[in-house]
Amino acid sequence: MTKEAAHYHLKKGGLSAEFSAFGAECTSLTYKGREYLWQADPAIWGRHAPVLFPFVGRLKGNTFIHQGASYTMGQHGFARDRKFQLADQDENSLTFVLVSDAQSLEIFPFHFQLFIRYTLTEAGMKVGYKVVNPSSCPLLYSIGAHPGFNCPLDPEEEAFSDYEIDFMQAGLSSLSVYLLEDGLIGDKKAEIPLHDGKLPLSYSLFENDALIMDVGAFTQIQIRSKITGRGFIMDFSDFRWLGLWSKNKDAGFICIEPWNGIADTLGHDLQLENKWGIQKLEAHQYHEPEFEVGLFS
């Protein structure tokens, strides 16, 4: 599907944001004239901040089974590649909506309404999801965010390694992460040592793909330059997992990804109702998780 779609803009004080109806994706987030959002260099990673729906991560064999029927879907679902409609807009916020249709029902046999609401704050943005089940049958799904941030923010003054992740828990001595095998959750975990709840950034952290961890011991993180003090903070207390990801050396970005859902495990039997982390909405119910990003200038 072509990425040509309407574009929208919000501004509040020194904060400015741009959005595309394609994928309901935020495409720019500037504060005091500085761009904080990754600008989707196709030679490195050609997205800004996609929504992950109706699945987070990779399905085993790109396949799931529901009520005896087999379906095929790529990593992170299809919503990021669909055109949303503008549902509402005011001075500081806007809401997009995607509704199930004949095309989606061929690959995902559930009726749904997905709303994504962006609201500018004094120095950042809230992103709220509302997943609605309009049908009389349960809706099985996952949802997550995948925003990428420029890192370093000032390439002429600093490097990726000048940043550190603060998990905002002074007594946190290590980070327990799930290990991926071919994009699936493996049988082992790894412990990454922290110093006073902090982890220096390096590209070597992502040699085996994303760092995936349970949310619980912490519900927010801060990534900040030790040189300039600039960076970002995210609160994701409505989510169960967090992914951190960058690409190979000198990629120039870091993704902070709150998830309600996770990739299939190596031993998954493909049955959707048995998928780890699958969310279940009963008939005519809805769920509204939200995360918030704050920017340091």
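Before reading further, recall that the structure is shown in the block above.
Conventions used here
Each chain carries its own residue numbering, running from 1 in the written order of its sequence. Local features are withheld for residues below a pLDDT of 70 in this predicted model, meaning they are given only at 70 or higher, and side-chain atom pairs are given and counted only at 80 or more; totals for whole chains, interfaces and linings count all residues. Derived side-chain values reflect all non-hydrogen atoms in the structure, with water molecules and hydrogen atoms excluded from consideration. Whenever Lys or Arg places a side-chain nitrogen within 4 Å of a carboxyl oxygen from Asp or Glu, that contact is recorded as a salt bridge. By definition, two strands form a pair when at least two bridges between them are found by DSSP. Under the scheme used here, helices are H or I runs from DSSP no shorter than 4 residues and strands are E runs no shorter than 2 residues, and both carry numbers assigned from the N terminus. In plain terms, two cysteine sulfur atoms within 2.5 Å form what is called a disulfide here. A 1.4 Å probe rolled over the protein chains alone gives each residue an accessible area, and that area as a share of the maximum for its type sets the label: buried under 20%, exposed over 50%, partly exposed in between. Nitrogen and oxygen atoms within 3.5 Å of one another constitute a polar contact, given that in protein one can donate a hydrogen and the other can accept it, and given that sequence-neighbouring residues count only through two side-chain atoms. Cavities and pockets are defined on a 1 Å grid built over the protein atoms alone: a cavity is a set of grid points where a 1.4 Å probe fits but cannot escape, while a pocket is an open set with protein on both sides within 12 Å along at least five of seven lines, and lining residues are those with an atom within 4 Å of any such point. Grid points are joined across faces, edges and corners, and a volume is the space filled by probe spheres set on the points. Amino acid classes used here: Ala, Val, Leu, Ile, Met, Phe, Trp, Tyr, Cys and Pro are nonpolar; Asp, Glu, Lys and Arg are charged; the rest, including Gly, are polar. Buried residues of nine kinds, namely Ala, Val, Leu, Ile, Met, Phe, Trp, Tyr and Cys, make up a nonpolar core once their side-chain atoms join them within 4.5 Å. In what follows, a contact means two residues having at least one pair of non-hydrogen atoms within 4.5 Å. Stacked, tilted and edge-to-face are the three classes applied to pairs of Phe, Tyr and Trp rings, where Trp contributes its six-membered ring and a pair requires centres within 6.5 Å; stacked means planes under 30 degrees apart, edge-to-face means over 60, and tilted covers the rest. Put simply, a charge is over a ring when the Lys NZ or the Arg CZ is close to the ring centre, within 6 Å, and near the line of the ring normal, within 35 degrees.

**Here we look at the pattern of salt bridges**
Link 1 in the chain: As enumerated under the stated definition, the model contains 11 salt bridges in all.
Link 2 in the chain: Within this structure, R34, D154 and R230 form a network of salt bridges that share partners.

**Brief notes about the sheet that holds strand 1 (residues 7-12)**
Link 1 in the chain: Strands sit in the order 1-2-3-4 across an open sheet of 4 strands; the sheet is antiparallel. Edge positions in the sheet fall to strand 1 and strand 4 (34-35), since each of these pairs with one other strand and no more.
Link 2 in the chain: Sheet topology places strand 3 (residues 25-31) next to strand 4; 2 bridges connect them, and they run antiparallel. Its bridge partner being in strand 4, Y31 is matched across the sheet by R34.

**Some points on the state of the cysteines**
Link 1 in the chain: Per the stated rule, a full pass over the model turns up 0 disulfides.
Link 2 in the chain: There is no disulfide at C255, and the cysteine sulfur nearest it, in C151, is 11 Å away.
Link 3 in the chain: On the accessibility criterion, C255 (0% relative accessible area) is buried.

**Notes on the environment of S237**
Link 1 in the chain: Relative to the assigned elements, S237 resides in the loop between strand 21 (231-235) and strand 22 (241-245).
Link 2 in the chain: In this structure S237 comes out as partly exposed when scored by relative accessible area, which is 43%.
Link 3 in the chain: Polar contacts involving the side chain of S237 include one to the side chain of D235, which spans 3.2 Å.

**A closer look at the layout of surface pockets**
Link 1 in the chain: The calculated volume of the largest pocket comes to roughly 450 Å³.
Link 2 in the chain: Around the largest pocket, the lining is made up of 22 residues, and of these Q75, H76, H146, D209 and W245 lie nearest the centre.
Link 3 in the chain: In the lining of the largest pocket, the residues fall into 9 nonpolar, 7 polar and 6 charged.
Link 4 in the chain: The space that makes up the second largest pocket amounts to roughly 230 Å³.
Link 5 in the chain: What lines the second largest pocket is a set of 13 residues, among which H66, P109, F110, C137 and P138 lie closest to the centre.

**Structural notes on the nonpolar core**
Link 1 in the chain: Residues F108, L114, F167, L201, I221, F232 and L244 are the most contacted members of the largest nonpolar core, which totals 97 residues.
Link 2 in the chain: Discounting residues that sit within four places of it in the chain, F167 has contacts with L172, L175, L194, G197, L199, M213, F218, Q220, I221 and L244.

**So, the packing of aromatic side chains**
Between two aromatic rings, the relevant description is the distance of the centres plus the angle of the planes.
Link 1 in the chain: Summed over all chains, the structure comprises 26 aromatic pairs.
Link 2 in the chain: Measuring from centroid to centroid gives 6.4 Å for F53 and F108, while their planes differ by 70°, and the two rings are edge-to-face. Of this pair, F53 sits in the loop between strand 5 (51-52) and strand 6 (63-66) while F108 sits in the loop between helix 1 (102-107) and strand 10 (113-120); the two residues are 55 residues apart in sequence, bridging distant segments of the chain.
Link 3 in the chain: The buried category is assigned to F108, whose relative accessible area is 0%.
Link 4 in the chain: Each ring, one from Y129 and one from F291, has its centre 6.3 Å from the other, and the planes form 55°; the classification is tilted. Placement of the pair is Y129 in strand 11 (residues 124-132) and F291 in strand 26 (residues 290-296), with a sequence separation of 162 residues. There is no split in this pair, since Y129 and F291 are both buried.
Link 5 in the chain: Feature note: the residues F53, F55, F64, Y71, F78, F108, F110, F112 and Y141 constitute an aromatic cluster, connected by ring pairs.
Link 6 in the chain: Of note, K130 hangs over the ring of Y286, and the distance from its end group to the ring centre comes to 4.6 Å.

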